Amino acid sequence: MDCNSSENKATLVFATNNAHKLEEVRAIIGDRFEIKSLDDIGCHDDIPETADTLQGNALQKARYIKDKFGYDCFADDTGLICSALNGEPGVRSARYANDNNHEHDSEANMKLLLKNLSDKNDRSAYFMTVIALIYQGQTYTFNGVVNGVISHEKHGDGGFGYDPIFVPEGYDKTFAELGNEIKNTISHRARAVAKLDEFLKSC
């Protein structure tokens, strides 16, 4: 079936209300699809993210939206994996500093990570994003990875999450310093969304 066979632009729901993520994804996919947020479809639920893997969480969120609202949709989960910390914060990245109450506090997360790495020589890390897509009755997953290192302190005001302390491989600035134009071509999410985009173009 042609992805864009209808006269109207096809709709996909991105299971997020994170404005930064929406901006990144819409910039990559362009105007071939109408990308709606959870707020756009009136979803204000606290969607469970109880899996112990990034892929599991992404699938859980996508299936929740498909089952309850009926839209073709995709969801993502992202983790920052640090070699010296046995893979932490990993699947707990968004709630690293507040795991008990599930609050997302980027400042607290960065502060804790820098503290936990303070006596480590190995500061290598990588970001991984997993996207789960439910489209025309089928389920697909796409991964994106970017390697780098954790800086010793925050640099830059752009981006979100751990961007001010993550320096991607091949650069000497953090994601927060590089800006969206560069980040949207090299980031973990950009790479996963590019695979999603290629799939949507080919179907």
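Before any of the text, the structure's been laid out above.
The notes below deal with the structure included here. Predicted, not measured: the structure shown is a model, and the values here were computed from it.

Definitions and cut-offs
Residues numbered from 1 in each chain as written. Predicted model: local features only at pLDDT ≥ 70, side-chain atom pairs only at ≥ 80, totals over all residues. Heavy atoms only, no water. Helix = DSSP H or I, 4+ residues; strand = E, 2+ residues; numbered from the N terminus. Buried < 20%, exposed > 50% of the residue type's maximum accessible area, 1.4 Å probe, protein only. 1 Å grid on protein atoms, 1.4 Å probe; cavity = no way out; pocket = protein on both sides within 12 Å on 5 of 7 lines; lining within 4 Å. Points joined across faces, edges and corners; volume = space filled by probe spheres on them. Nonpolar A, V, L, I, M, F, W, Y, C, P; charged D, E, K, R; others polar. Disulfide = S-S within 2.5 Å. Pairing = 2+ DSSP bridges. Expected span 1.5 Å × (residues − 1). Contact = heavy atoms within 4.5 Å. Salt bridge = Lys/Arg side-chain N within 4 Å of Asp/Glu carboxyl O.

**As for the side chain of R189**
Next up, step 1: With respect to the helices, strands and loops of the structure, R189 is situated in helix 6 (residues 188-202).
Next up, step 2: On the accessibility criterion, R189 (3% relative accessible area) is buried.

**Notes on the layout of surface pockets**
Next up, step 1: Estimates place the volume of the largest pocket at around 1,000 Å³.
Next up, step 2: If you trace the largest pocket, you find 34 residues lining it, with K21, E49, K61, A94 and H104 closest to the centre.
Next up, step 3: Those elements that provide at least two residues to the lining of the largest pocket are strand 3 (73-82), helix 3 (106-117) and helix 6.
Next up, step 4: Residue contributions to the lining of the largest pocket peak at three residues, all from strand 3.
Next up, step 5: Across the lining of the largest pocket, the residue classes break down as nine nonpolar, twelve polar and 13 charged.

**Details of the state of the cysteines**
Next up, step 1: Under the counting rule described, the total for this entry stands at zero disulfides.
Next up, step 2: Lacking any disulfide linkage, C73 is separated from the closest cysteine sulfur, that of C43, by 10 Å.

**Quick look at the pairing of strand 2 (residues 33-36)**
Next up, step 1: Burial along strand 2 is one-sided: F33 and I35 are buried, and none of E34 and K36, which face the opposite way, are.
Next up, step 2: The sheet contact formed by strand 1 (residues 10-14) and strand 2 spans four bridges and is parallel. Across the sheet, residue T11 finds its bridge partner in strand 2, namely E34.

**Points about helix 2 (residues 54-69)**
Next up, step 1: The end-to-end C-alpha distance of helix 2, which contains 16 residues, comes to 23 Å, matching closely the 22 Å that a straight helix rising 1.5 Å per residue would cover.
Next up, step 2: When we look at burial in helix 2, the residues that qualify are L54, G56, N57, A58, L59, K61, A62 and I65.
Next up, step 3: On its buried face, helix 2 sits against strand 1, strand 3, strand 5 (124-135) and strand 6 (138-150).

**Here's the deal with the pattern of salt bridges**
Next up, step 1: A full pass over the atoms with the stated rule returns 13 salt bridges.
Next up, step 2: We note a salt bridge from D197 to R32, for which the minimum N-O separation is 2.3 Å. With D197 in helix 6 and R32 in the loop between helix 1 (19-29) and strand 2, this residue pair connects regions lying 165 residues apart in the sequence.
Next up, step 3: Measuring nitrogen to oxygen at the nearest pair gives 2.8 Å for the salt bridge that ties E107 to K154. Pair noted here: E107 is in helix 3 and K154 is in the loop between strand 6 and strand 7 (166-168), with a separation of 47 residues, a long-range link.
Next up, step 4: Assessed through its relative accessible area of 47%, E107 is described here as partly exposed.
Next up, step 5: When salt bridges that share partners are traced, they join K21, E24, D76, D163, K183 and R189 into one network.

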